[in-house]
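Examining the three-dimensional arrangement
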Amino acid sequence: MSIDVFLRLLKQHILWFVLIPCLTAGMAFFVTRNEPKVYKSQATLYTGLVSRYSLLSDKQNSFTDRSASAFDNILTTLNSRETLLQIGISLLSDHLRLHKPDTLVLGNAGFQKLHQALTPDWQNLYFIAGDSILLHHTIDSLAKSKTDNPIKTLLLKSDSYYSVNHLGENIKATARKSTNDVMLMEYESDDPAVAQRTLTYAINILNSRYSTLKTSETNSVVGYYEAKLQKAKDKLSQAEANLRAFSAKHQLLDYDEEARNVATSREALNNDYNQELMRKNAAKASLDALNRRMGQQGSIRSANNDLSDKQKKLTDVENKLANARAYGQPKSVINQLQASVAQAQEDLKTSAQKYDAAANSSDAIPTQTMANDRLAKSLEYEESSARLELYKDRMSEFQAKTNEYGPLGSQLRELNRDLAVSEKAYLDLLQNVDQSRTKRQDVSIGGTLEIIDAPDFPLQPLSSKRSQLIMIGLGVGIFIALLLTALRFWLDKRIQSPEQAEALVGMPVTALFPTVKKPLVYSRTTRASRSMFEQLFNAINIEVSQNSAKSYPPIITLFSIRSKQGKSWVANGLTQLYDVADQKVAYCYPRATGKEQREQQKNITFFPYTIRPDFMNVTGIEYLIDYSYGFDITQYDRIILEIPALINNQIPSYLLKGSALSLLVIDANSPWARPEKQLLSMYVRVTNQPILTVLNRVEGNYVDVPRQDDAIQLPMSKDRSEQTQRTFL
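The text that follows walks through the structure, step by step, so that each part is easy to find. (Residues numbered from 1 in each chain as written. Predicted model: local features only at pLDDT ≥ 70, side-chain atom pairs only at ≥ 80, totals over all residues. Heavy atoms only, no water.)

Considering the overall build of the protein chain
Definition in use: A helix here means a DSSP run of H or I that spans at least four residues, while a strand means a run of E at least two residues long, and both kinds are numbered starting from the N terminus. Burial classes follow relative accessibility: with a 1.4 Å probe on protein chains only, a residue under 20% of its type's maximum area counts as buried, one over 50% as exposed, and anything between as partly exposed. Contacts are assigned to residue pairs with any non-hydrogen atoms lying within 4.5 Å of each other.
The helix and strand tally for the protein chain stands at 19 helices and twelve strands. Burial statistics for the protein chain: of 729 residues in total, 39% are counted as buried. Considering only contacts within the protein chain whose residues lie at least 6 apart along the sequence, 78% involve residues at least 24 apart.

Pasting the structure below:
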């Protein structure tokens, strides 16, 4: 939307921009006629959220600014329902103790409202007003009761001084700066005493609840760490008891030292055992050697004995052979005995050889010497064997000790590890407990809000906002007027300006005609319309002169998409100019009532025609006009053909091909949408000729009005004026 269009819209809807703002400003003036006075009490509090020095300040390695979240916590606590309820209860308790209005506690208007709110059934509250604690508990119980009562209504459902909603809307707390420790609190009311006392109770209850919440928070942390510390201490004590029981059970003074002593003793015992084993093996080897020597002495004796035995056996066998021969034994027996004698002789010879070999040895030792040495080595061997048995017993003891100390090492390491873990956990929790206790002490010291400026008693009410509200109402009215104008512009499908018409139609606008309500009166609009007819007349003549391909006389076609667009108005204006120019014109127009007849007015002839069912197939104008009218096209200089609205009639395709140009008449107050665009597109395809666009009934100052000296006052006869009046429809 251009600035010109916007200004024209403002001009068209100037009445809206006058009435609506006046109406809204008047409503604001009426609503604020009894505006109550407002008093504001203010207080300044020191929070210490940023720069406060505390017990933990020196222990913090890096500074972390948590003032924003802490301030949000303060505001949340202040705006909580329970805080606001306690403020209302405290304020109501004060007011119920009054027997008459007091300007320092409650004014007359508030006193009357309070006594009106309490029904006679609840007047007994005044009798316990002397006991402030009992009264406070009674009001608190009534506020939290499950049944309705006047006290609960005052505190939760009304718009009184004590209402939770009223307090939440009017108690305001803000930080003076984003990185400042100072918080500003204010409260507005129509009673200065109520404003001051409400703010005082708000600060006290906020301090109490906020410090309680912070302290309970630290108490829970301290309790948690103390419980964990007690469990860690019990676990540490159990680990120490397990280690003591282990040492007492296995009689350990120092496991590592005793393990080293056992290992050293076992190594020395192994060395002694090996030395003794070598001595035993040496004695055994010596004893075996002596036994072998003594075995050699025994072999001589054995050989001597064997020789004696063999001699005795030979003697016995020979005696038996002699007896057998003497007694005449059989030959077989004698032969057997002779064989036995021969065998005994051989055995004796062998034994004699062995005896000679043993008796003649070179390393033979005396028997006495060998016996003494054998006795000594035997004693040494026995002693060594006895010592080895003792060594074996000691080694078995050391092995058992080693087998016992092996698992004990892993058990002892496990016990020591449990003790170290328990001790470390205990020390860590002890540190946490110390920190949490320090934090609790820090919160108890600095967890409250310090009052810098106590709530003041406002002596003067705030300046009235009535003028501001009236100005706001005026602005709202202007905005509503703008909104309605914009909605009308966006929702209105009518053509609002020549620029919009050219954009929608897609053709330049040749002529603009204002709305002429009194065409016979010489006025500004008639002057503008006649000037525009002259311009349109010139444009038609130029187009006709340049179009030499069409037959003479040229046919000027007037058409519109919808009816009642002003085609007759444009046609009458053109015929008037042609009449003044002394040119004969035939004006052919469709019948509206069926009673129209041929008329002749000077050089202009009016030919009404009836729209035929086959209107689309008409090829010439002479086929439209009644034969009785004697229409002869060669008798005229111009033919003006008005065809009916295209939206509900046929397009005479063949008839339009002979037209020199067309005039599209559009009423600025008519819509232009998709059907209009489609019909115009079909008309352009059919005619393929110049089309001049005429915009009729244009509102505003789009039409240029010539000066009075430049305007031409054309004479208008009586009959002509009547015809013009008819064609205005």
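Let's talk about the nonpolar core
Here is the rule we go by: What makes a nonpolar core is a set of buried Ala, Val, Leu, Ile, Met, Phe, Trp, Tyr and Cys residues whose side-chain atoms join them at distances within 4.5 Å.
Within the largest apolar cluster, 67 residues are counted, with the highest numbers of intra-cluster contacts made by Leu-536, Ile-540, Val-570, Leu-574 and Leu-663. Examining the composition of this core, we find that seven residues originate from one element, helix H15 (residues 524–546), more than from any other. Excluding its chain neighbours within four sequence positions, the residues that come into contact with Leu-663 are Leu-536, Ile-540, Ile-556, Thr-557, Leu-558, Phe-559, Val-570, Leu-574 and Leu-692. Among the nonpolar cores identified, the runner-up in size contains 46 residues, and Leu-114, Leu-125, Met-185 and Ala-202 belong to it.

Points about the sheet that holds strand E1 (residues 39–46)
Heads up, the rule is: Here, any two strands with at least 2 DSSP bridges between them count as paired. Fitted lines through C-alpha atoms serve as axes, helices being fitted only where they are in contact, and the angles separating the N-to-C directions of these axes extend from 0 to 180 degrees.
In space, the four strands of this open sheet follow the order E2-E3-E1-E4, with antiparallel pairing throughout. At either margin of the open sheet sits one strand with a lone partner, and together these are strand E2 (172–175) and strand E4 (450–453). Each adjacent strand pair in this sheet contributes to an overall mean axis angle of 30°, direction not counted. When E1 meets strand E3 (residues 182–189), the two strands line up antiparallel, connected through eight bridges. Considered in E3, the bridge of Tyr-39 is made with Ser-189.

Quick look at the sheet that holds strand E8 (residues 599–601)
Ordered in space as E5-E12-E11-E6-E10-E7-E9-E8, the eight strands form an open sheet in which the pairing is mixed. Of all strands in the sheet, those bounded by a partner on one side alone are strand E5 (509–514) and E8. Taken over all neighbouring pairs, the strand axes of this sheet differ in orientation by 20° on average, direction set aside. Along the sheet, helix H16 (residues 567–580) contacts E5, strand E6 (555–559), strand E7 (585–590), strand E9 (604–609), strand E10 (638–642), strand E11 (661–667) and strand E12 (691–698); its crossing angle with E10, the most-contacted strand, is approximately 170°.

What about the packing of helix H4 (residues 81–96) against helix H7 (residues 150–157)?
Helix-helix packing is characterised by the crossing angle of the two axes and by the distance between the axes. The condition is simple: Angular relationships are summarised with four words: roughly parallel below 35 degrees, roughly antiparallel beyond 145, roughly perpendicular across 65 to 115, and oblique for the angles in between. Put simply, a crossing is left-handed when the front helix is turned counterclockwise from the back one by less than a right angle, and right-handed when it is turned clockwise. Polar here means any residue outside two lists: the nonpolar Ala, Val, Leu, Ile, Met, Phe, Trp, Tyr, Cys and Pro, and the charged Asp, Glu, Lys and Arg; Gly therefore counts as polar.
The interhelical angle for the contact between H4 and H7, taken along N-to-C directions, is 130°, at an axis separation of 10 Å. Compared by their axis directions, H4 and H7 come out oblique. Classified by chirality, the crossing of H7 by H4 is right-handed. Across the interface between the two elements, Arg-81, Leu-85, Gly-88, Ile-89 and Leu-92 of H4 pack against Ile-151, Leu-154, Leu-155 and Leu-156 of H7. Classifying every residue of the contact of H4 with H7 gives seven nonpolar, one polar and one charged.

A word on the environment of Gly-477
In this fold, Gly-477 is placed in helix H13 (residues 466–491). By relative accessible area, which is 0% here, Gly-477 ends up buried. Along the sequence, Gly-477 and Leu-23 sit 454 residues apart, while their C-alpha atoms lie 7.3 Å from each other. Setting aside anything within four residues of it in sequence, one finds Gly-477 in contact with Ile-20, Pro-21 and Thr-24.

Re the packing of H15 against H16
One can describe the packing of H15 onto H16 by two numbers: an axis separation of 10 Å at closest approach and a directional angle of 75°. It follows from the interaxial angle that H15 and H16 lie roughly perpendicular. Residue-level contacts link Ser-529, Phe-533, Glu-534, Leu-536, Phe-537, Ile-540 and Asn-541 of H15 to Trp-569, Val-570, Gly-573, Leu-574, Leu-577 and Tyr-578 of H16.

A word on the environment of Arg-325
Secondary-structure assignment places Arg-325 in helix H10 (residues 255–327). Arg-325 sits in the exposed class, given a relative accessible area of 53%. When neighbours within four sequence positions are excluded, Arg-325 is seen to be in contact with Ile-334 and Gln-338.

Digging into empty space enclosed by the protein
Over the atoms rolls a probe the size of a water molecule, and in doing so it shows where empty space is left. Using the following cut-off: Only protein atoms enter the calculation, which uses a 1 Å grid: trapped sets of points that fit a 1.4 Å probe without letting it out are cavities, open sets showing protein on both sides within 12 Å along at least five of seven lines are pockets, and any residue with an atom within 4 Å of a point is a lining residue. Grid points are joined across faces, edges and corners, and a volume is the space filled by probe spheres set on the points.
The full count for this structure, using the stated rule, is one cavity of 30 Å³ or more. Put simply, the largest cavity is a space of about 40 Å³. Together, Ser-560, Ile-561, Arg-562, Gln-565, Val-665, Ile-666, Ser-670, Pro-671, Trp-672 and Glu-676 line the largest cavity.

Some remarks on unusual backbone geometry
Across the junction of Tyr-552 and Pro-553, the peptide omega takes the value 0°, indicating a cis bond. Relative to the helices and strands, Pro-553 resides in the loop between H15 and E6. We note that Lys-602 has phi near 55°; this positive angle belongs to a residue other than glycine. Secondary-structure assignment places Lys-602 in the loop between E8 and E9. Taking relative accessible area as the criterion, Lys-602 reaches 65% and is therefore assigned exposed. One non-glycine residue, Arg-697, lies in the positive phi region at around 55°.

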